[in-house]
Amino acid sequence: MIRVGILGGTFDPIHFGHLRSAVEVRECLGLDELRLVPNARPPHRDRPGATAQQRLEMVCLATASDDQLLVDDCELRRERPSYTVETLEALRAELGPDATLFLIVGWDAFCGLPGWHRWESLLELASLVVLQRPEQDQELPEVLKDLLAARSVGTPEAMKATHGEILCLAQTPLAISATHIRALISAGRSPRFLLPDAVLGYIETRGLYRSPN
Ligand code: ATP
């Protein structure tokens, strides 16, 4: 049965931290496909620096050479704020009850999970894969400590269910963030080798993230 991973994000811009994680999770869990899902109007975040269309185009450029990394613009096509739980419901409806779904989130995103719309339903739809980030310093809320105690499995091989399990996964640590990339560009410095050249070219051509002065 099909195994699909979902990596949502603002991708403002997409960088090698996202891309390397996507490849490693795909291999580690034997996924048939991994879908990158750019968020439309992220309910928990400040306004992004690039438009939704530009963020989508950068994700497409970054993944063009890898046919197992798919780009899903379902959240950008919605008129309302995008909620992950609705994306997972749509995917579950598309792929059926036997598909194994994995929602991939970084540690920082996982720590904020209790603030997500209908967050407790997420595990009824998919399993969670929590990626470590080198600069992770957030404290895990008590409710998530309890959730981890109840639902976590130790290894990818031990994940047997179509949903409802949690795996914390160590991957190659890459201390790259979109915030840092935007700050470099705004300061007139180069973010080269933190993100694909094609994405950097796109940013430069359109003058994205530059300081207004
Ligand atoms: P920003 O700095 O603007 O907050 P970001 O670099 O964290 O952005 P997002 O688009 O918010 O990027 O990230 C999408 C998902 O990828 C989140 O779950 C995030 O935790 C995860 N992620 C981002 N960068 C990394 C990284 N370097 N290593 C592992 N996971 C990452």
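Residues numbered from 1 in each chain as written. Predicted model: local features only at pLDDT ≥ 70, side-chain atom pairs only at ≥ 80, totals over all residues. Heavy atoms only, no water.

Student: Looking at this structure, I do not really get the packing of aromatic side chains. What am I missing?
Tutor: Two measures describe an aromatic ring pair: the distance that separates the ring centres and the angle between the ring planes. As enumerated under the stated definition, the model contains 1 aromatic pair in all. With centroids separated by 6.1 Å and ring planes inclined at 50°, the aromatic side chains of tryptophan 107 and phenylalanine 110 adopt a geometry described as tilted. In this pair, tryptophan 107 and phenylalanine 110 both sit in helix H4 (residues 107-111), 3 residues apart, roughly one turn of the helix. Neither tryptophan 107 nor phenylalanine 110 differs from the other in exposure class; each is buried. When the ring centre of tyrosine 202 is taken as origin, the NZ or CZ atom of arginine 206, which lies over that ring, is 3.7 Å away. (Phe/Tyr/Trp six-rings, centres within 6.5 Å; stacked < 30°, edge-to-face > 60°. Helix = DSSP H or I, 4+ residues; strand = E, 2+ residues; numbered from the N terminus. Buried < 20%, exposed > 50% of the residue type's maximum accessible area, 1.4 Å probe, protein only. Lys NZ or Arg CZ within 6 Å of the ring centre and 35° of its normal.)

Student: What is the right way to look at the nonpolar core in this model?
Tutor: General note: in soluble globular proteins, nonpolar side chains tend to be found buried as a group. Ile14, Leu29, Leu34, Met58 and Ile203 are the most contacted members of the largest nonpolar core, which totals 36 residues. No other element matches helix H1 (residues 16-29), which puts 5 residues into this core. Setting aside chain neighbours within four positions, we find methionine 58 in contact with Pro13, Ile14, Ala50, Val199, Tyr202, Ile203, Leu208 and Tyr209. Among the nonpolar cores identified, the runner-up in size contains 28 residues, and Leu101, Val105, Ala126 and Leu147 belong to it. (Core = buried A, V, L, I, M, F, W, Y, C linked by side-chain atoms within 4.5 Å. Contact = heavy atoms within 4.5 Å.)

Student: Where do I start with the pattern of salt bridges in this structure?
Tutor: When the charged atoms of two side chains with opposite charge come close together, those side chains can pair. Taken as a whole, this structure holds 13 salt bridges when the rule is applied. A salt bridge links glutamate 139 to lysine 145; its shortest N-O distance comes to 3.1 Å. Looking at glutamate 139, the relative accessible area reads 60%, which means it is exposed. (Salt bridge = Lys/Arg side-chain N within 4 Å of Asp/Glu carboxyl O.)

Student: Even after reading the chapter, I still don't get the sheet that holds strand S7 (residues 166-169), so can you show me in this structure?
Tutor: Paired through backbone hydrogen bonds, the strands of a sheet run either parallel or antiparallel to each other. The 7 strands are arranged S3-S2-S1-S4-S5-S7-S6 in an open sheet whose pairing can be described as parallel. Each having just a single partner strand, strand S3 (69-71) and strand S6 (152-153) make up the two edges of the open sheet. Relative to S3, H1 is tilted by about 120°, and along the sheet it contacts strand S1 (3-9), strand S2 (33-38), S3, strand S4 (100-106), strand S5 (127-131) and S7. (Pairing = 2+ DSSP bridges. Axes fitted to C-alpha atoms, helices over the stretch in contact; angles between N-to-C directions.)

Student: Would you mind showing me how to read the pairing of S7 here?
Tutor: Looking along a regular strand, one sees the side chains alternate between the two faces of the sheet. Summarising the sheet, S5 and S7 pair through 4 bridges and their orientation is parallel. If you follow valine 129 over to S7, its bridge partner there is leucine 167. Pairing between S6 and S7: 2 bridges, direction parallel. Residue pairing for S7: valine 153 is matched across the bridge by leucine 167.

Student: Even after reading the chapter, I still don't get unusual backbone geometry, so can you show me in this structure?
Tutor: Most peptide bonds take the trans form, and the phi angle of most residues other than glycine is negative. For the bond running from aspartate 12 to proline 13, omega is 5°, close enough to zero to count as cis. Its location among the elements puts proline 13 in the loop between S1 and H1. Of note, arginine 118 is a non-glycine position whose phi angle comes to about 50°, a positive value. Looking at where arginine 118 falls in the secondary structure, it is placed in the loop between H4 and helix H5 (122-125). Positive phi, normally seen in glycine, also occurs at tyrosine 209, with a value near 65°.

Student: Teacher, can you tell me more about the packing of helix H2 (residues 52-63) against helix H8 (residues 197-206) here?
Tutor: Describing two packed helices takes the angle between their axes plus the distance from one axis to the other. Contact geometry for H2 and H8: axes closest at 8 Å, N-to-C directions at 150°. What the angle tells us is that H2 and H8 run roughly antiparallel. Within the contact between the two elements, H2 uses Gln54, Glu57, Met58, Leu61 and Ala62 and H8 uses Ala198, Val199, Tyr202, Ile203 and Arg206. Residues belonging to the contact of H2 with H8 are distributed by class as follows: 7 nonpolar, 1 polar and 2 charged. (Parallel < 35°, antiparallel > 145°, perpendicular 65-115°, else oblique. Nonpolar A, V, L, I, M, F, W, Y, C, P; charged D, E, K, R; others polar.)

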